[in-house]
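The lines below spell out each chain.
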Amino acid sequence: MRETFSDCQARLSMRKVWCALATAQSKAGLFSKDELADVLAHCEKIDVSRSLEIEKETGHDVVAEIRCFSEQCRKGGKKIHLGATSEDILGNAQILQQKQALAVIKFRIIEVLGILGKIIEENAGKPCMAYTHIQPAEPTTIGYRFSAYAQDLLADLETIESLEKNLKGKGFKGAVGTSASYSEVLKGTKLNPSQMEELAMKQLGLNAFEVSTQTYPRKQDYTLLCALSQTSQSLAKMALDFRILQSPMFGELSEPFGKKQVGSSAMPFKRNPIASEKICSLSRFVQAMPQTAIENASNAILERTLDDSANRRIAIPEAFLALDEMLLTANKILSGIVINYDKIGKNFSDYSQFSGTEILLAELARKGADRQVMHEVIREACMKAWDAVKQGKPNPLADILHYDIRITKYIKPADIPTLLDASAHTGLAKEKAVAMARKINSIVAAQAKAVSAKSTAKK
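Notes on the structure follow. Bear in mind that the values here come from a model prediction, so they are computed numbers and not experimental data.

### Let's talk about the overall build of the protein chain
Line of reasoning, step 1. Scanning the protein chain from terminus to terminus reveals 17 helices and six strands.
Line of reasoning, step 2. Against the compact-globule benchmark of 23 Å for 459 residues, the protein chain has a radius of gyration of 31 Å, which places it well outside the compact range.
Line of reasoning, step 3. For the protein chain, the C-alpha atoms occupy an extent of roughly 100 × 50 × 45 Å along the three principal directions.
Line of reasoning, step 4. By sequence separation, contacts in the protein chain at least 24 residues apart represent 79% of the contacts at least 6 residues apart.
Line of reasoning, step 5. Counting only carbon and sulfur atoms, one obtains 54% of the accessible surface of the protein chain, whose full area is about 23400 Å².
Line of reasoning, step 6. Across the protein chain, the centroid of the 61 positively charged side chains sits 4 Å from that of the 53 negatively charged ones.

Have a look at this one:
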């Protein structure tokens, strides 16, 4: 990701746009064969130091790169940027970078999904307590809980893939989007501005906005940053859950912690969930970026003002870099996560009987008891049992109900512990988790196949 938004890559992306423009203009006879070959031959010969030297004099980054590029191209250099305005170059070059960055994000999401898929598959039917309002609720399975994180990321993946395919560049439309400059340049040739634009954009692998001003519509930046924000939200929700489940009161998970890792400079015993906390921290940063983008779009006066330029150069690359770091961190956490099955079992033992009261209540109703009356009887017993559990004692609910004649009038005392056993009271959790793992496995396999094919093509 750092390479994608590096100074060198930014300049290379600009040069690719100039080369595409020159290639299209050569079809109109504006570049000779030798002039075009000269330009194309120097496309990747980036000289950052020379370009920055020129920029110190001109105060204009695009002009500096034009002159640097032109100096290298003795035959074709004088025609580089013919008819173009700066945003014809930047408005396409930046989209090339964004699409490249989205491909990285897509790859990272699938990596994380691959690890989640294994965890889900291994724990599809293993029961644990579910928590609502951060209080014990009913049983679920470990695999089903992780399936919720995977489902969010699958939705994000779909959004990222759509953006990767559909991001549009400005095209080649000149200073205010009317293509007037290209009409003059192409006068008397066999190409019109729209045909020239189509040829150049096809070479770049981009579609162009049908209408633009000096820039492409800044609304697109908002859509982009919202997509990155959504992915960051999914990771933050998962990381926040992990932070809670790592607390000793729950103790059900642990993120990787090195043998020599230090949790606190003051308290040697500390095992702080710093990786999960980092994800939550960076997510807040990414989620703030769409606000910048929507204000840019709202304040784009008439055909263009420059008050979006400086913040875009920060907001878009930094949002990608932060999300990339979040995905890499999530990968590390999930790859080394420790699931504490003993503590999960202990928590289940302490609280699952409360969930079993739902089964008991249904059975009492089937035996002819008044459901509303029995609800109150069971509630009273649960409150007594809760007090015992809070004191660290074993859950006494079954014993309390065993001696309640209002219950035993309908249910044999010996049957009460069986009815309160909620270990199988997980509904479709296992089946849903298995289905989610299969779905993820197919996506990961398709990604591996695509990577292999791309590698073979390069060779």
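From this point on, the discussion continues.
### A closer look at the side chain of glutamate 65
Line of reasoning, step 1. Position of glutamate 65 relative to the elements: it lies in helix H4 (residues 61-72).
Line of reasoning, step 2. At a separation of 2.8 Å, a polar atom in the side chain of glutamate 65 contacts the side chain of serine 51.
Line of reasoning, step 3. Among all residues touching glutamate 65, those that are not within four sequence positions of it are Arg11, Met14, Arg15, Trp18 and Ser51.

### A word on empty space enclosed by the protein
Line of reasoning, step 1. Counted by the stated rule, this structure contains four cavities of 30 Å³ or more.
Line of reasoning, step 2. Looking at the largest cavity, its volume works out to about 50 Å³.
Line of reasoning, step 3. Around the largest cavity sit Cys128, Ile142, Arg145, Phe146, Leu245, Glu252, Leu253 and Ile344, which together line it.
Line of reasoning, step 4. Looking at the lining of the largest cavity, the element that brings in the most residues is helix H6 (residues 142-166), giving three residues.
Line of reasoning, step 5. When the residues that make up the lining of the largest cavity are grouped by side-chain class, the tally is six nonpolar, no polar and two charged.

### Brief notes about the packing of helix H9 (residues 219-246) against helix H11 (residues 309-336)
When two helices pack together, their arrangement is given by the angle between the helix axes and the distance between those axes.
Line of reasoning, step 1. Following both chains from N to C, one finds H9 and H11 inclined at 30°, their axes separated by 10 Å at the closest point. The angle between the axes of H9 and H11 places the two elements in the roughly parallel class. As H9 packs across H11, the resulting crossing turns out to be left-handed. Seen from H9, the contacting residues are Asp221, Leu224, Leu225, Leu228, Thr231, Ser232, Leu235, Met238 and Phe242; seen from H11, they are Arg312, Ala315, Ile316, Ala319, Phe320, Leu323, Met326, Leu327, Ala330, Ile333 and Leu334.

### Digging into the pairing of strand E1 (residues 127-132)
Line of reasoning, step 1. Bridging between E1 and strand E2 (residues 135-141) involves five bridges; their strand directions are antiparallel. Across the sheet, residue threonine 132 finds its bridge partner in E2, namely glutamine 135.

### Notes on the packing of aromatic side chains
Line of reasoning, step 1. Using the criterion set out here, one finds nine aromatic pairs in the structure.
Line of reasoning, step 2. Pairing tyrosine 149 with phenylalanine 242 gives two aromatic rings, centres 5.8 Å apart and planes at 90°, and the pair type is edge-to-face. Note that tyrosine 149 is positioned in helix H6 and phenylalanine 242 in helix H9, a separation of 93 residues in sequence.
Line of reasoning, step 3. Judged by centre distance (6.3 Å) and plane angle (10°), the ring pair of phenylalanine 209 and tyrosine 216 falls under stacked. Each member of the pair phenylalanine 209 and tyrosine 216 is classed as buried.
Line of reasoning, step 4. Directly above the aromatic system of tyrosine 216 lies the positively charged group of arginine 218, at a separation of 4.7 Å from the ring centroid.

### Considering H4
Line of reasoning, step 1. Relative to the 16 Å expected for twelve residues at 1.5 Å per residue, H4 spans 17 Å between its end C-alpha atoms, a close match to the ideal helical length.
Line of reasoning, step 2. Of all the positions in H4, only Asp61, Val62, Ala64, Glu65, Ile66, Cys68 and Phe69 are classed as buried.
Line of reasoning, step 3. Where H4 is buried, its residues contact helix H1 (7-26), helix H2 (33-41), helix H3 (48-58), helix H5 (86-122) and H11.

### Details of the nonpolar core
Here is a general trend for soluble globular proteins: nonpolar side chains tend to be buried in one another's company.
Line of reasoning, step 1. Within the largest apolar cluster, 98 residues are counted, with the highest numbers of intra-cluster contacts made by Leu116, Phe146 and Phe320.
Line of reasoning, step 2. In terms of residues, this core owes the most to one element, H5, which gives 17 residues.
Line of reasoning, step 3. In contact with phenylalanine 146, not counting residues within four places along its chain, are Leu116, Ile119, Ile120, Phe242, Leu253, Leu334 and Ile337.
Line of reasoning, step 4. The next biggest cluster of nonpolar side chains, apart from the first, holds 23 residues, and it includes Leu360, Met374, Ala381 and Ile416.

### A look at the pattern of salt bridges
Line of reasoning, step 1. Per the counting criterion, the structure on display carries 26 salt bridges.
Line of reasoning, step 2. The shortest N-O distance in the salt bridge between arginine 11 and glutamate 65 comes to 2.8 Å. Taken together, the residues arginine 11 in helix H1 and glutamate 65 in helix H4 connect sequence positions 54 residues apart.
Line of reasoning, step 3. Residue classification places arginine 11 among the buried positions, given a relative accessible area of 5%.
Line of reasoning, step 4. Across the pair lysine 106 and glutamate 161 runs a salt bridge whose closest N-O atoms are separated by 3.7 Å. With lysine 106 in helix H5 and glutamate 161 in helix H6, this pair connects stretches of sequence that are 55 residues apart.
Line of reasoning, step 5. Using a relative accessible area of 21% as the deciding quantity, one classes lysine 106 as partly exposed.
Line of reasoning, step 6. Linked through salt bridges whose partners overlap, the residues forming this network are Asp7, Arg11, Arg15 and Glu65.

### A closer look at the state of the cysteines
Line of reasoning, step 1. Throughout the structure, instances matching the rule amount to zero disulfides.
Line of reasoning, step 2. In this model cysteine 68 remains outside any disulfide bridge; the closest cysteine sulfur is found in cysteine 73, 9.4 Å from its own.
Line of reasoning, step 3. Cysteine 128 carries a free sulfur, and the closest cysteine sulfur to it, the one in cysteine 280, is 20 Å from it.

### Brief notes about unusual backbone geometry
Line of reasoning, step 1. The phi dihedral of isoleucine 134 falls on the positive side, at around 60°, and the residue is not glycine.
Line of reasoning, step 2. Summarising the element assignment, isoleucine 134 is placed in the loop between E1 and E2.
Line of reasoning, step 3. The phi torsion at serine 179 lies on the positive side, around 70°, for a residue other than glycine.
Line of reasoning, step 4. Inspection of the secondary structure assignment puts serine 179 in the loop between strand E3 (168-169) and helix H7 (180-185).
Line of reasoning, step 5. What makes serine 179 buried here is its relative accessible area of 13%.

### Quick notes on the environment of asparagine 296
Line of reasoning, step 1. For asparagine 296, the location among the structural elements is in helix H10 (residues 274-298).
Line of reasoning, step 2. Among the residues examined, asparagine 296 registers a relative accessible area of 10% and is labelled buried.
Line of reasoning, step 3. Sequence separation of asparagine 296 and proline 217 is 79 residues, and the distance between their C-alpha atoms is 10.0 Å.
Line of reasoning, step 4. Setting aside anything within four residues of it in sequence, one finds asparagine 296 in contact with Arg218, Asp307, Asp308, Asn311 and Arg312.
Line of reasoning, step 5. One polar contact links asparagine 296 to asparagine 311, side chain to side chain, over a distance of 2.7 Å.

Criteria and thresholds
Residues numbered from 1 in each chain as written. Predicted model: local features only at pLDDT ≥ 70, side-chain atom pairs only at ≥ 80, totals over all residues. Heavy atoms only, no water. Helix = DSSP H or I, 4+ residues; strand = E, 2+ residues; numbered from the N terminus. Rg over C-alpha atoms; globule rule 2.2 N^0.38 Å. Contact = heavy atoms within 4.5 Å. Areas by Shrake-Rupley, 256 points an atom, 1.4 Å probe, with all protein chains shown as cover. Lys, Arg positive; Asp, Glu negative; His and termini not counted. Charge placed at Lys NZ, Arg CZ, Asp CG, Glu CD. Polar contact = N/O pair within 3.5 Å; in protein donor to acceptor, adjacent residues only side chain to side chain. 1 Å grid on protein atoms, 1.4 Å probe; cavity = no way out; pocket = protein on both sides within 12 Å on 5 of 7 lines; lining within 4 Å. Points joined across faces, edges and corners; volume = space filled by probe spheres on them. Nonpolar A, V, L, I, M, F, W, Y, C, P; charged D, E, K, R; others polar. Axes fitted to C-alpha atoms, helices over the stretch in contact; angles between N-to-C directions. Parallel < 35°, antiparallel > 145°, perpendicular 65-115°, else oblique. Left-handed = near helix turned anticlockwise from the far one by under 90°. Pairing = 2+ DSSP bridges. Phe/Tyr/Trp six-rings, centres within 6.5 Å; stacked < 30°, edge-to-face > 60°. Buried < 20%, exposed > 50% of the residue type's maximum accessible area, 1.4 Å probe, protein only. Lys NZ or Arg CZ within 6 Å of the ring centre and 35° of its normal. Expected span 1.5 Å × (residues − 1). Core = buried A, V, L, I, M, F, W, Y, C linked by side-chain atoms within 4.5 Å. Salt bridge = Lys/Arg side-chain N within 4 Å of Asp/Glu carboxyl O. Disulfide = S-S within 2.5 Å.

Just geometry here; none of it tells us what the structure is for.
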